[in-house]
Amino acid sequence: MKIQKNSIRILDKNQNSSIRELNEFLNYKGLTKTLAKRNLKTVYNRSFLGWMWSVLHPLATLLIYSIVFGKILNGNGSVPSGAEGLKSFPMYLFSALVIWNAYSELSVGVMTSFANSINLRSRVYFPISCAVFASFISGFIVLGVEILVLVGAYLVIVGPSLTFFLVLPAFILAGFFGLGVGLMLAAANIRHRDVGHLYSVFLRLLFFMTPIIYPMNLLDGKKVFAFDLDKVLLLNPLTHFVVFIREVTYFQKIPGLSQWALILSLSSLSLIFGWGAFVRFSPKVIENS
Amino acid sequence: MINEFDGYAIRLKNVSKNYEIENLSRGFLQSLSHRMYGKRSRIFQALSDISFDIKKGEMLGVIGPNGAGKSTLLKIIAGIVHPTSGNLIVEGRVASLLELGAGFHQELTGRENIYLNAAMLGISESEAKGSIDSIIQMADIGEFIDVPVEVYSTGMRARLGFAVAVQMRPDILLVDETIAVGDIAFYQRSLKQFEVMISNGATVVLVSHDLSLIEQRCNSALWIEGGRVVSSGAPQVVVQRYIDHYSGANPLGVSGSEENHGAGKLMVQSELGKGSAYCGGSCTFRVPGESIPKTVFKKVTFAFTTHHGSLPFVATFETELDRFQDAFSIRVRLLPLPPGQYSANVTFTGENGDCVVSNRILVYPHDRETEFSTMPVISFPIEVVHSGE
């Protein structure tokens, strides 16, 4: 009888658990695919508009924010001029919103998918990273519709530009950054459910601490408890992703090397730490649940 | 590290498993303070220093009382939990039936769950498509295959779970019969499937409380208790030790207290030897003279009880007072019992209560084809032979 090489499971305590989990994940690629497919099939289950929602949802948010922050709170006045004489608060907002959605929804999605898979995992073996990555992939595809809408809107309003191709790497890197954060929180959220609640509160704060509904220079010279707000904002990793995507869409500029290096290292650091924390803490959490 | 695993499906070496018991109702701040002040949670050792090997194509029966660590052992082999220490090698695709409908996602339909289970075994969707018809047929759930699993009955869930596990042709199948199987009739039909799988080279690990099943079908047995291996090896030997151990603590005679038992034991003899007989074969039960109570008794009852306490066979005969001063034998020409383990009891009913003489009898199927069946309580003609010692 033929036995596939990858079906031999040797448990050696000396083996690095991070590599072991990665091997298992690669052995079960088919499962990740099946789970991602299932997620995509069930996202818009029992809904009349179905996939239209992935377009309607960001557009509705954009409309509301444009009215509230643009018209009522006069965001329109502070918007800088972009490429080709563009001066539009909704377009300025939309670019940043896509990044924000990618980060927040993927990090929360990864965290909750772990919680949702634990029950099944405690009854039958499969690498739980498959369920987590499946949720990441399906979330990524659903959110991907948003970048199509974003680029489409820019093409209609401003016309074509080569810099629009750089939306994709910005979106992917922001997604990986969210994946890393989700992985870091996944196990902690099972150990103490408070983590999930705390994180949703933290996300609200983070939304306003990221220059999404306002440009960076709005905070020049403003202080909270002797901290310069614009300096504090730079400590927020998401600021750099938002600045990056605005460069390539609103301003149609190719970002400098330092900007590339910054978001690349932010997302890889997040992934490395996230994966490390996940491999370190998830087995114990699974067994105790 | 154990390296040579040719011919072995599963090898465990010095495997131990500890669980940390934590009070989950404890709040965040409380647990934080416990951690800061170094209050450790209690450790429960579920398995300690377990070593054994299973060859490919064998069936291992695992026995032991509740809480012995049987389920933990299966979970370790399945990869659901990691051992705290020790090494293990598992070669091949492992399917497990550790709980009722274990690998099922409640919100997905039966069909989607089949694909999901296949993916968990590393089988692609197109490969799984080939066996989906045979799964549906074996599970016998008809149109319910396209309905979410959450509405399934217990029996349907058990049948589908079993059909998926068997039809995916895993190299290793782990079954916890004590909880995974709902429908007894289906399970007994499934036993045939185990043999088909084993003849195809698969390895089966079965946790069961059915000792006769383990004696008859397994190649080897493992008795664990308190997380340790008490005995392992040939199933007949292990089961015998297990029964002897527990019959000491809890006499097999279900009625009567210790002092009501006669001094001697009921002797069981057949062509198979002492203590066992063939289903449908002949068997002799001998009550030695010293076991017969010297008090006045009116009625003698001869009965078999299963280890659940039910009575599949009862024969009663009235007697005269002075008739059994000496040893006597009861001969049964055609033993009307399905294969299994029973207690044979002779009860002397007198004015001062009952006196029971009992012993264990193992009934074997006459050939491998004999079906397990549940027999109703029947009365059966027996022949009582008076013998003057």
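Residues numbered from 1 in each chain as written. Chains lettered and ligands numbered in written order. Predicted model: local features only at pLDDT ≥ 70, side-chain atom pairs only at ≥ 80, totals over all residues.

Attention now moves to the overall build of chain B. Looking only at helices and strands, one finds 9 helices and 19 strands in chain B. The long-range fraction of contacts in chain B, counting pairs at least 24 apart against all pairs at least 6 apart in sequence, stands at 75%. (Helix = DSSP H or I, 4+ residues; strand = E, 2+ residues; numbered from the N terminus. Contact = placed C-beta atoms within 7 Å.)

Residues and elements named next belong to chain B. Read from one edge of the open sheet, 6 strands run β5-β6-β7-β3-β8-β9, paired in mixed fashion. Unpaired on one side and paired on the other, β5 (94-97) and β9 (228-233) mark the two borders of the sheet. Shown here is a sheet whose adjacent strand axes are inclined to one another by a mean of 15 degrees, direction ignored. When strand β8 (residues 220-225) meets β9, the two strands line up antiparallel, connected through 5 bridges. In the strand pairing of β9, L222 is matched with S232. Most of the contacts of helix α2 (residues 70-78) go to strand β6 (residues 172-176), to which it runs at about 155 degrees, and overall it touches β3 (59-63), β5, β6, β7 (203-207) and β8. (Pairing = 2+ DSSP bridges. Axes fitted to C-alpha atoms, helices over the stretch in contact; angles between N-to-C directions.)

One finds A:I99, A:A170, A:F241, A:I245, B:I77 and B:L174 to be the most contacted residues of the largest nonpolar core, which totals 140 residues. For this core, the element with the most residues is helix α4 (residues 89-121) of chain A, which contributes 16 residues. Setting aside chain neighbours within four positions, we find B:L174 in contact with B:L74, B:I77, B:A78, B:V94, B:S96, B:L97, B:L98 and B:V205. In this structure, B:I292, B:V300, B:F302 and B:L335 belong to the second largest nonpolar core, which totals 28 residues. (Core = buried A, V, L, I, M, F, W, Y, C linked by C-beta atoms within 7 Å. Buried ≥ 20, exposed ≤ 12 C-beta atoms within 10 Å, placed from the backbone.)

Residues and elements named next belong to chain B. One non-glycine residue, D49, lies in the positive phi region at around 55 degrees. Tracing the chain through its elements places D49 in strand β2 (residues 42-55). Residue class for D49 comes out partly exposed when judged on the 14 C-beta atoms lying within 10 Å of it. Backbone geometry places R169, a non-glycine residue, at a positive phi of 50 degrees. Residue position: R169 is located in the loop between α5 (154-167) and β6.

Our focus in this paragraph is helix α6 (residues 167-191) of chain A. Residue and element names in this part refer to chain A. Taking 1.5 Å per residue, 25 residues should reach 36 Å; α6 reaches 37 Å between its end C-alpha atoms and fits that length. The largest bend in α6 comes to about 30 degrees, at L185. Counting buried residues along α6, 20 of its 25 residues qualify, which places the element largely inside the surrounding structure. (Expected span 1.5 Å × (residues − 1). Bend = angle between axes of the 7 residues up to and from the residue.)

All names here are of chain A. Two elements in contact, helix α1 (residues 17-27) and helix α10 (residues 257-288), have axes separated by 9 Å at closest approach and are oriented at 95 degrees. By the criterion of interaxial angle, the relationship of α1 to α10 is roughly perpendicular. Each of S17, S18 and E21 in α1 lies in contact with α10, whose residues at this interface are W275, G276 and V279. In terms of residue class, the contact of α1 with α10 is built from 2 nonpolar, 3 polar and 1 charged. (Parallel < 35°, antiparallel > 145°, perpendicular 65-115°, else oblique. Nonpolar A, V, L, I, M, F, W, Y, C, P; charged D, E, K, R; others polar.)

On to the interface of chain B and chain A. Contact with chain B, which involves 34 residues of that partner, is made by 26 residues of chain A. Among the secondary structure elements, those contributing two or more residues to the side of chain B that touches chain A are β4 (85-91) and α3 (110-120) of chain B. Looking at the side of chain B that touches chain A, the element that brings in the most residues is β4(B), giving 6 residues. Its residues assigned to classes, the side of chain B that touches chain A comprises 15 nonpolar, 11 polar and 8 charged.

The subject of this paragraph is the environment of B:C283. Mapped onto the secondary structure, B:C283 falls in strand β13 (residues 283-287). Separated by 50 residues in the primary sequence, B:C283 and B:R333 place their C-alpha atoms 6.5 Å from one another.

Residues and elements named next belong to chain B. Two elements, strand β12 (residues 276-278) and strand β18 (residues 353-364), share 3 bridges in a ladder whose sense is parallel. Looking at β18, one finds that A277 is bridged to V363. Sheet analysis places strand β17 (residues 340-350) next to β18, joined by 11 bridges and oriented antiparallel. Counted as the bridge partner of G350 is G353 from β18.

Moving on, we get to the domain arrangement of chain B. The accessible area lost on association of the parts is a frequent measure of interface size. All names here are of chain B. The domain architecture assigned to chain B consists of domain 1 (8-245) and domain 2 (252-386). Top element by residues in the side of domain 1 that touches domain 2 is helix α8 (residues 211-217). It accounts for 3 residues. Class assignment for the residues of the side of domain 1 that touches domain 2 results in 2 nonpolar, 3 polar and no charged. (Domains from an automatic or database assignment.)

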